[in-house]
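Tertiary structure, described
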Amino acid sequence: MISVSGVLALGLFWSALGTEGDNLSGLRRLQREFGSDEERHSLEKSELSKRSAGLNEQTCTALHGVESTLQNSTHSFTFKVSTMGSLSLAWVGDGSGVLLVLTTFQVPLFMMRFGQSNLYKSEDYGKTFKDVTHLINHTFIQSEFGFAISPDHSGKVILTGDVSDVGGFKLFRSQDFGLTFVPTDLPFEPLIQMLYNPGDCNTLVTLSIMLDLWLSEDFGATWRKIHDSVCLVRWGPKNSIYFTTNYNGSCKDKGMLELKKTADYGRSFQTIATRVFSFVLGGALCFCLHHDWQGDTA
């Protein structure tokens, strides 16, 4: 069997892991919903990756029979990634020395899918690693969601597990830099990664595959649906949430979306613009592309 070695220098990771990951964050399914506007989805993928992963994750898609080697000046460790597999890495907290590595492979079978994940942890900047897969109950972790690391460097980590064979999805939540993980059942099937509120990392939002907008105010322990028919969501300043929606339930009607904002976690909503294609946030300003629009100060 032919094998390939990929040597990744940890000395270069610190800067490399500060770039955008290649994590699809569930947008493959959004692409089917939105159409074939590749440029738009590339921008959306970049923005979701920035806000949800905190710019600290690097994902490497494995080739057939890949052996990926993490190497620093004195130590190296090899993780075997099987066919159709991937390898994801994430620093947990600035200066903590904690590095998590997730290897995942999956094989589509008739009417079902088989997958396996392994979780490894280093507490000394990658000098040594140990297998901690038991902390996630040997659950299959969807590689498109990867690691959701809190941007405040407080040690919060979320992994999204696929337990659809027994019904549903499950979060594995850590608040101690990956020392322990608490399993939590999700009341929905997620479409994208969990998105942290930059101002309060105990508060999360995400989208379900039914395009419902869900919010948690206790680090994913409990969830409530705050809106339906949501196409795109982003955190704004001062705990505000901006999102586009279409009441006909489809995100394909480009230029016919409504841009909305909530400043109280979904208890009330304000319509910012109509007939919207998409939007971006820049500081205290919100910019969107649509037919007739006037700006909004966040």
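Residues numbered from 1 in each chain as written. Predicted model: local features only at pLDDT ≥ 70, side-chain atom pairs only at ≥ 80, totals over all residues. Heavy atoms only, no water.

**A look at the overall build of the protein chain**
What counts is decided by this rule: Numbering of helices and strands starts at the N terminus; helices are DSSP runs of H or I of at least 4 residues and strands are runs of E of at least 2. Only protein chains enter the accessibility calculation, which uses a 1.4 Å probe; a residue is then buried when its area is under 20% of its type maximum, exposed when over 50%, and partly exposed in between. By definition in these notes, contact holds between two residues if any of their heavy atoms fall within 4.5 Å.
Of the regular secondary structure elements, the protein chain holds three helices and 22 strands. Every one of the 298 residues in the protein chain was classed for burial, and the buried ones make up 52%. Excluding contacts between residues fewer than 6 apart, the proportion of contacts in the protein chain whose partners are at least 24 apart in sequence is 46%.

**What to know about the packing of aromatic side chains**
To be explicit about the condition: Centres within 6.5 Å make a pair out of two Phe, Tyr or Trp rings, where for Trp the six-membered ring is used; the pair is then stacked when the planes are under 30 degrees apart, edge-to-face when over 60, and tilted otherwise. To sit over a ring, a charge needs its Lys NZ or Arg CZ within 6 Å of the ring centre and within 35 degrees of the ring normal.
On inspection of all chains with the given rule, the structure shows six aromatic pairs. A ring pair is formed by Trp 91 and Tyr 125, whose centres lie 6.3 Å apart and whose planes are at 50°; its orientation type is tilted. One end of the pair, Trp 91, is in strand β5 (residues 85–91); the other, Tyr 125, is in the loop between β7 (112–122) and β8 (130–131), and 34 residues separate them in sequence. For Trp 91, a relative accessible area of 8% translates into the label buried. For the ring pair Phe 188 and Trp 214, a centre distance of 4.6 Å and an interplane angle of 25° mean the geometry is stacked. Here Phe 188, found in the loop between β12 (182–185) and β13 (195–197), pairs with Trp 214, found in strand β15 (residues 213–216); they are 26 residues apart in sequence, far enough to count as distant. The pair formed by Phe 188 and Trp 214 is uniform in burial state, with each residue classed as buried. One aromatic cluster is present, built from ring pairs that chain together Phe 188, Trp 214 and Trp 223. Note that Lys 156 overlies the ring of Phe 219, its terminal NZ or CZ placed 6.0 Å from the centroid.

**Observations regarding the nonpolar core**
Definition in use: Residue types Ala, Val, Leu, Ile, Met, Phe, Trp, Tyr and Cys, when buried and joined through side-chain atoms within 4.5 Å, form a set referred to as a nonpolar core.
Counting 26 residues, the largest nonpolar core has Val 205, Leu 207, Leu 213, Val 233, Ile 241 and Leu 259 as the members making the most contacts within it. Where this core is concerned, the elements lending two or more residues are β14 (200–207), β15, β17 (230–235), β18 (241–245), β19 (257–262) and β20 (270–282). Sequence-distant contacts of Ile 241, defined by excluding residues within four places in its chain, comprise Val 205, Leu 215, Ile 226, Val 233, Arg 234, Trp 235, Lys 260, Lys 261, Thr 262 and Tyr 265. Counting 15 residues, the second-largest nonpolar core is a separate cluster that includes Leu 119, Val 132, Ile 136 and Leu 159.

**Some remarks on the sheet that holds strand β10 (residues 157–162)**
Put simply, the rule is: For two strands to pair, DSSP has to find at least two bridges joining them.
The strand order across the open sheet formed by four strands is β9-β10-β11-β12, and the pairing between neighbours is antiparallel. Strands at the two margins of the open sheet, each flanked by one partner only, are β9 (148–149) and β12.

**Considering the pattern of salt bridges**
What counts here: Salt bridges are defined by distance alone: a side-chain nitrogen of Lys or Arg within 4 Å of a carboxyl oxygen of Asp or Glu.
Under the criterion given, the structure shown has four salt bridges. Note that Asp 185 is salt-bridged to Lys 170, the shortest N-O span being 2.5 Å. Here Asp 185, found in strand β12, pairs with Lys 170, found in strand β11 (residues 169–174); they are 15 residues apart in sequence, far enough to count as distant. Accessibility expressed as a relative area gives 18% for Lys 170, which makes it buried. A cluster of three or more residues bridged by salt bridges with shared partners is formed by Glu 217, Arg 224 and Arg 267.

**Quick notes on the pairing of β19**
The element β19 is largely enclosed, with a buried count of five among its six residues. Of the pairings in the sheet, the one linking β18 to β19 comprises five bridges and is antiparallel in character. When the bridges of β19 are listed, Thr 244 appears paired with Leu 259.

**Examining the sheet that holds β14**
The test is simple: Axes, fitted as lines to C-alpha atoms, cover a helix only where it is in contact. Angles between the N-to-C directions of the axes lie from 0 to 180 degrees.
If you trace the four strands from one edge of the open sheet to the other, you get β13-β14-β15-β16, paired in antiparallel fashion. Each edge of the open sheet is held by one strand with a lone partner, namely β13 and β16 (224–227). Each neighbouring strand pair of the sheet contributes to a mean axis angle of 35°, computed without reference to strand direction. Bridge count between β13 and β14: three bridges; the pairing is antiparallel. Each residue of the ladder has a partner; that of Tyr 196, found in β14, is Leu 204.

**Re unusual backbone geometry**
In this model, His 153 sits at a positive phi of 60°, which is unusual for a non-glycine residue. The residue Ser 229 is not glycine, and still its phi comes out positive at about 55°. A residue is classified by how much of its surface remains accessible, and Ser 229, at 15% relative accessible area, is buried.

**Some points on the environment of Pro 183**
With respect to the helices and strands, Pro 183 occurs in strand β12. Note on Pro 183: relative accessible area 42%, which makes it partly exposed. With residues up to four places along the chain from it excluded, the contact list for Pro 183 reads Asn 137, Lys 170, Leu 171 and Phe 172.

**Focus on the side chain of Thr 139**
Where we set the bar: Pairing of N or O atoms within 3.5 Å defines a polar contact, subject to two protein rules: one partner must be a possible hydrogen donor and the other a possible acceptor, and residues neighboring in sequence count only if both atoms are side-chain atoms.
Mapped onto the elements of the fold, Thr 139 is located in the loop between β8 and β9. Polar contacts involving the side chain of Thr 139 include one to the main-chain carbonyl oxygen of Ile 136, which spans 2.7 Å. Apart from the residues within four sequence positions on either side, Thr 139 is in contact with Ser 117, Gly 161, Asp 162, Val 163 and Phe 172.

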